[in-house]
Amino acid sequence: LGAAGAGGAAGLALGAGGYALAGPGPKQSTAAVTPATALGSSAVPFHGAHQAGIVEPMQSTLHATAFDLSPGIGRPGLTALMKRWSAAAAAMAEGRTPPGLTDDQVALDAGPSSLTVTFGFGASVFAKAGLAAQLPGELAALPPFPEDRIDRARSDGDLWLQVCADDPLVAFHAMRTLQRLAAGQAAPRWQMTGFSRAPGATARPVTGRNLMGQIDGTNNPKPSDADFASRVFVPSGGRPAWMAGGSYAVFRRIRMLLDDWDQQSLTVQERTVGRRKASGAPLSGGTEATPVDLARQNADGSLAVPGDAHVRVAAPASNQGAAMLRRGYSYHDGLRPDGAPDAGLLFICFQSDPGTGFVPVQRKLARGDALSRFLVHESSGLYAIPGGAPADGYVGQALLE
Ligand code: HEM
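What you see is a predicted model, and the numbers here were worked out from it, not measured in a lab. (Residues numbered from 1 in each chain as written. Predicted model: local features only at pLDDT ≥ 70, side-chain atom pairs only at ≥ 80, totals over all residues. Heavy atoms only, no water.)

*Asks:* Honestly, the coordination of the iron atom of the ligand in this entry has me stumped. Any pointers?
*Replies:* Six octahedral donors around a metal ideally make angles of 90 or 180 degrees; four tetrahedral donors ideally make 109.5 degrees. On the protein, H310 (NE2) is the one donor atom to the iron atom of the ligand, at 2.1 Å. Structurally, H310 is set in helix α8 (residues 310–314). (Donors = N, O, S within 2.8 Å, 3.2 Å for Na, K, Ca; no water. Helix = DSSP H or I, 4+ residues; strand = E, 2+ residues; numbered from the N terminus.)

*Asks:* I would appreciate a short explanation of the pattern of salt bridges in the present structure.
*Replies:* Opposite charge on two side chains allows them to pair when their charged atoms are near. Counted according to the given criterion, the structure contains 16 salt bridges. Between D68 and R189 there is a salt bridge, with its nearest N and O atoms 3.0 Å apart. With D68 in strand β3 (residues 61–69) and R189 in strand β6 (residues 186–195), the pair connects residues that are 121 residues apart, well separated along the chain. The partner of R231 in a salt bridge is D227, with the nearest N and O atoms 3.6 Å apart. The partly exposed category is assigned to R231, whose relative accessible area is 23%. (Salt bridge = Lys/Arg side-chain N within 4 Å of Asp/Glu carboxyl O. Buried < 20%, exposed > 50% of the residue type's maximum accessible area, 1.4 Å probe, protein only.)

*Asks:* Looking at this structure, I do not really get the side chain of N319. What am I missing?
*Replies:* Assignment of secondary structure puts N319 in the loop between α8 and β8 (325–326). In this structure N319 comes out as buried when scored by relative accessible area, which is 5%. Here V313 takes part through its backbone oxygen, which lies 2.9 Å from a polar atom of the side chain of N319. A distance of 2.9 Å separates the side chain of N319 from the backbone oxygen of A315, its partner in a polar contact. Setting aside its immediate chain neighbours within four residues, N319 contacts V313, A314, P360, V361 and K364. (Polar contact = N/O pair within 3.5 Å; in protein donor to acceptor, adjacent residues only side chain to side chain. Contact = heavy atoms within 4.5 Å.)

*Asks:* Looking at this structure, how should I read the packing of aromatic side chains?
*Replies:* Here the distance between the centres and the angle between the planes together describe a pair of aromatic rings. Taken as a whole and judged by the stated rule, the model has eleven aromatic pairs. On the numbers, 5.1 Å between centres and 5° between planes, the contact of W160 with Y383 is stacked. Of this pair, W160 sits in strand β5 (residues 159–165) while Y383 sits in strand β11 (residues 375–385); the two residues are 223 residues apart in sequence, bridging distant segments of the chain. Classification of Y383 by relative accessible area gives buried; the value is 0%. Aromatic ring contacts, followed pair by pair, group W160, W190, F251 and Y383 into a single cluster. (Phe/Tyr/Trp six-rings, centres within 6.5 Å; stacked < 30°, edge-to-face > 60°.)

*Asks:* Looking at this structure, I do not really get the site of the ligand. What am I missing?
*Replies:* Around the ligand sit 27 residues, and of these G217, T218, N219, H310 and R326 come closest. Backbone polar atom of N219 to an oxygen atom of the ligand: 2.8 Å apart, as the coordinates give it. Between the ligand and R326 there is a distance of 3.0 Å, counted from an oxygen atom to a side-chain nitrogen or oxygen. Those elements that place two or more of their residues in the shell around the ligand are β7 (247–256), α8, β10 (341–351) and α9 (358–368). Ranked by residues supplied to the shell around the ligand, first place goes to α9 with four residues. A class-by-class count of the residues in the shell around the ligand yields 17 nonpolar, seven polar and three charged. (Near = heavy atom within 4 Å. Nonpolar A, V, L, I, M, F, W, Y, C, P; charged D, E, K, R; others polar.)

*Asks:* Any chance you could explain the pairing of β10 here in plain terms?
*Replies:* Side chains on a regular strand alternate between the two faces of the sheet. Of all eleven residues that make up β10, eleven are buried, and the element is covered over most of its length. Of the pairings in the sheet, the one linking β7 to β10 comprises eight bridges and is antiparallel in character. Across the sheet, the residue bridging to I254 is L345, located in β10. Here two bridges tie β8 to β10, and the two strands are oriented antiparallel to one another. (Pairing = 2+ DSSP bridges.)

*Asks:* Teacher, can you tell me more about helix α7 (residues 266–273) here?
*Replies:* Helical geometry: 3.6 residues make up each α-helical turn, so side chains three or four residues apart lie on a common side. Turning to α7, its buried residues number three or more, namely Q269, E270, T272 and V273. Burial along α7 is one-sided: seen end-on, the buried residues are contained in an arc of 155°. Buried residues belonging to α7 abut α6 (258–261) and α8. Taken from the residues just after α7, G274 is the one with a positive phi, measuring 100°. (Arc of directions from axis to C-beta.)

*Asks:* What is the right way to read the environment of R312 from this model?
*Replies:* With respect to the helices and strands, R312 occurs in helix α8. Residues R312 and V292, spaced 20 residues apart in sequence, show a C-alpha to C-alpha distance of 8.6 Å. Other than its neighbours up to four places away in sequence, R312 contacts L294, L303, V305, P306, G307 and S318.

*Asks:* Even after reading the chapter, I still don't get helix α4 (residues 168–181), so can you show me in this structure?
*Replies:* Between its first and last C-alpha atoms α4 spans 20 Å; for 14 residues at 1.5 Å apiece the expected length is 20 Å, and the two agree. By the burial criterion, the buried members of α4 are V170, A171, H173, A174, M175, T177, L178 and L181. Next to the buried residues of α4 lie β3, α2 (74–93), β4 (116–122), β5 and β6. Its side-chain oxygen at 3.1 Å from the backbone nitrogen of L169, D167 defines the N-terminal cap of α4. (Expected span 1.5 Å × (residues − 1).)

*Asks:* Could you clarify how one ought to interpret the pairing of β3 in this entry?
*Replies:* Of all nine residues that make up β3, nine are buried, and the element is covered over most of its length. Burial of β3 is two-sided: the residues T61, H63, T65, F67 and L69 facing one way and the residues L62, A64, A66 and D68 facing the other way are all buried. Summarising the sheet, β3 and β5 pair through seven bridges and their orientation is antiparallel. Within β5, the residue paired with T61 across the bridge is A165. In this structure, β3 lies alongside β6, joined through nine bridges in antiparallel fashion. Each residue of the ladder has a partner; that of L69, found in β6, is A186.

*Asks:* What am I meant to see in the nonpolar core here?
*Replies:* Side chains of nonpolar character tend, in soluble globular proteins, to be buried together. Residues M82, W85, F119, L159 and F358 are the most contacted members of the largest nonpolar core, which totals 76 residues. Within the second largest apolar cluster, 22 residues are counted, among which are A64, F350, Y383 and I385. (Core = buried A, V, L, I, M, F, W, Y, C linked by side-chain atoms within 4.5 Å.)

*Asks:* Which parts of the structure should I look at to understand a negative patch on the surface?
*Replies:* Residues D259, D260, D262 and D338 make up a contiguous surface patch of negative charge. When you line up the elements, D260 lands in helix α6. For D260, a relative accessible area of 38% translates into the label partly exposed. (Patch = residues over 30% accessible without salt bridge, like charges linked within 9 Å, V, L, I, M, F, W, Y side chains within 5 Å. Areas by Shrake-Rupley, 256 points an atom, 1.4 Å probe, with all protein chains shown as cover. Lys, Arg positive; Asp, Glu negative; His and termini not counted. Charge placed at Lys NZ, Arg CZ, Asp CG, Glu CD.)

See below:
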């Protein structure tokens, strides 16, 4: 799953009463709201070298939505939409009323609650916008993986939005506002909602758990790692030039076969992943923070971390250094017709090149990972995430201008 840190309010706390309510719309007429907690007033800057929503600690709610451009709107329409979307996202990230429409007031009482909006371009948008020459090679379609059961109607899309916040109403408001602002220019193709730990649920910030009960996100690349930036972001001077400071996001809806999983003994569950369920410690010993020792053997000569354990098969050491920043959210959409939970992981990962990140790792996982026996990949997407918007600019400006 995603970055450690659930349990603490993310981003830059503006302080009690510190968020502005300027801007057009009904919020303006309301007296300044004093937030009850630092959670509501926490704000993540929208502008910067990278888009928000990649390196920040995970918020508690996700809305992921893909859109398809309306026929004939082309590059001018896409440019106008990205300007409108960026202005709205920047305003909402500061707790201001989004410009350009009558606010629905769903988030009226709340601060920004660490809202982030991350925009992506799917491969299909480039030809529609007359930008085929700018299509990055990294957006080549993901290969089919063994056992994939991909529903194309819930996959892909010209544009992708990742909306995250620590308040469900703030997240819904932002997603809905962006959808309303797209009317006539882009239509939603699919939409999914995910959740993570609510800040404050644990006594101290700890790595989150997924719906299988595992501590998930431990061995993510960390911003303090020397190679973090090169693994996650396209360098300036990289190709194509408009992707400088950007990243590539892979999205997979992965259903968990929880009824099967819950019947496994704790020993089997731990050997499936290669870590202790309660503590997250590797089966090679130590604590959650101890590096996994893939060579370690038990007294009988068997591998401490089994040959098909998820952490062994997915590790950079097993994949020529391939790595990605995972930032996935749990989902639960009720019951399937057979009564099984429709639940799992909205897997999201960011990397500078999916060809040396997600693709080789998933190819290996799909072939021989013990965890994959309890998973079904149901939808899939790959998106170019441009660099962040400059102070008075918009996301995608380097491509569209
Ligand atoms: C590690 C769960 C899918 C790549 C882990 C860990 C857990 C886990 C519990 C160990 C803790 C950690 O380091 O985060 C899951 C679940 C999945 C899933 C429940 C699906 C529902 C994937 C997929 C990929 C992936 C699709 C990539 C193609 C990784 C990587 C690691 C990891 C790279 C770190 C390995 C290491 O270096 O130790 N995952 N995972 N996972 N997973 Fe997954």
